[in-house]
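Here is how the chains run, residue by residue.
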Amino acid sequence: MGSETVTVKIKNFGELPVSDPFQVGYSINNGSTYTYATINPTINSEDEYTYSFTTLANLSQPGLKQLKFKTVLPGDEDVSNDTYSTTLFVYPTLNYAYQNSFESSNGYWNPSGANSTWAWGLPAATLINTASDGTKAWVTNLKGYHAQSEVSYLESPCFNFSSSSEYVMFSFDYFINAENLVDGFRLEYSINGGTNWNPVPAHASQSQNWCSTPVSSLGGSNGWTSTSAGYITAKT
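Residues numbered from 1 in each chain as written. Predicted model: local features only at pLDDT ≥ 70, side-chain atom pairs only at ≥ 80, totals over all residues. Heavy atoms only, no water.

This brings us to the overall build of the chain. Of the regular secondary structure elements, the chain holds zero helices and 21 strands. By the compact-globule yardstick of 18 Å for 236 residues, the chain is too spread out, its C-alpha radius of gyration being 23 Å. In terms of principal-axis extent, the alpha carbons of the chain reach across some 65 × 45 × 35 Å. Going through the 236 residues of the chain one by one, you find that 27% of them count as buried. Across the chain, the fraction of contacts at a sequence separation of at least 24, relative to all contacts at a separation of at least 6, is 64%. Surface summary for the chain: the accessible area is close to 14600 Å², and the carbon and sulfur share equals 48%. (Helix = DSSP H or I, 4+ residues; strand = E, 2+ residues; numbered from the N terminus. Rg over C-alpha atoms; globule rule 2.2 N^0.38 Å. Buried < 20%, exposed > 50% of the residue type's maximum accessible area, 1.4 Å probe, protein only. Contact = heavy atoms within 4.5 Å. Areas by Shrake-Rupley, 256 points an atom, 1.4 Å probe, with all protein chains shown as cover.)

Pasting the structure below:
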């Protein structure tokens with residue numbers, strides 16, 4: 001991402017139409033600074049109006065953005081619904097080849113999902129208490145077990161493989177402590193910006209320790225499960 005257009009949808013919750021000019025603003029730093037525009041539409045009661053700012057948002061720096069949007073209408077009797085907050089994660093695009101042990105940073109990998117316990121730092125659980133390389137890693141709960149009914153994700157940056165003239169291999173180290181055949185994880189990929197995801201299949205001759213066990217929490221698809229004796233390198 002670089003300079004991006006910001007578009008907002010404004011709804012009039014009042015009983016009367018809004019026809020006087022008012023300000024609308026957006027912030028990408030949790031409200032520390034705002035970019036404002038003065039607009040003058042007529043918005044009837046319960047109607048919505050869509051506006052695109054002419055001043056672009058600078059999203060060139062990857063990472064989590066705390067977004068806020070607000071309206072400033074003179075004489076507004078209810079300002080409790082004038083602000084809306086959300087988050088946006090900006091993923092960097094990285095070229096082939098890529099390697100990261102997460103020792104100096106989280107690498108702009110982004111956790112999400114239901115009851116997610118993914119965290120980057122120093123593993124300190126009873127079983128998983130080391131990293132495979134150095135001292136830091138991404139772990140579901142650095143100090144214990146993952147949450148009950150957790151369905152979480154750890155999403156990588158975007159990768160550009162167009163410069164590669166050879167077979168691109170994916171390799172990673174994992175340490176798992178999960179209920180055998182019930183809980184587990186798998187690796188997925190997307191080629192359309194995350195709209196659709198598919199499991200990464202094992203290469204016919206280039207794979208090592210790739211998942212081949214059906215896991216119920218993964219809908220019966222193959223994944224890594226059970227408890228390992230330490231870190232294992234998987235690649236395909």
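Let's shift gears to the packing of aromatic side chains. With the rule as written, the count across this model stands at 18 aromatic pairs. Ring plane angle 10° and centroid distance 6.1 Å describe the contact between Phe 159 and Phe 161, whose orientation is recorded as stacked. Judged by centre distance (4.9 Å) and plane angle (80°), the rings of Trp 210 and Trp 224 are edge-to-face. Of this pair, Trp 210 sits in the loop between strand 18 (198-199) and strand 19 (213-214) while Trp 224 is found in strand 20 (residues 222-225), placing the two residues 14 residues apart along the sequence. Overall, Trp 210 belongs to the buried group, its relative accessible area being 10%. In textbook terms, an aromatic cluster arises when at least three aromatic residues are bridged by ring pairs, as seen for Phe 170, Phe 172, Tyr 174, Phe 185, Trp 210 and Trp 224. We note Lys 70 situated over the ring of Tyr 34; from NZ or CZ to the ring centre the distance is 5.0 Å. (Phe/Tyr/Trp six-rings, centres within 6.5 Å; stacked < 30°, edge-to-face > 60°. Lys NZ or Arg CZ within 6 Å of the ring centre and 35° of its normal.)

Before going further, it helps to spend a moment on the pairing of strand 7 (residues 63-72). Bridge count between strand 3 (residues 22-27) and strand 7: five bridges; the pairing is antiparallel. Within the sheet, the bridge partner assigned to Val 24 lies in strand 7 and is Thr 71. Relative to strand 8 (residues 83-90), strand 7 runs antiparallel, the two being bridged by eight bridges. Its bridge partner lying in strand 8, Gly 63 is registered against Val 90. (Pairing = 2+ DSSP bridges.)

Once that is clear, we can look at the nonpolar core. In terms of nonpolar packing, the biggest core is built from 17 residues, with Val 6, Val 8, Ile 10, Val 24, Tyr 51 and Phe 53 touching the most fellow members. Mapped onto this core, the elements with two or more residues apiece are strand 2 (7-11), strand 3, strand 4 (35-39) and strand 7. Considering every element that reaches this core, the biggest residue donor is strand 3, with three residues. Not counting residues up to four positions away in its chain, the partners in contact with Ile 10 are Phe 22, Val 24, Ile 39, Ile 43, Asp 47, Glu 48, Tyr 49 and Thr 71. Ranked by size, the runner-up nonpolar core spans nine residues in total, among them Ile 176, Ala 178, Trp 210 and Trp 224. (Core = buried A, V, L, I, M, F, W, Y, C linked by side-chain atoms within 4.5 Å.)

We now examine the pattern of salt bridges. Going through the model one piece at a time under the given rule, you end up with three salt bridges. The partner of Lys 9 in a salt bridge is Glu 48, with the nearest N and O atoms 3.9 Å apart. Of the two residues, Lys 9 sits in strand 2 while Glu 48 sits in strand 5 (residues 48-52), which places them 39 residues apart along the sequence. Looking at Lys 9, the relative accessible area reads 58%, which means it is exposed. (Salt bridge = Lys/Arg side-chain N within 4 Å of Asp/Glu carboxyl O.)

Read these as layout, nothing more, since geometry by itself doesn't imply function.
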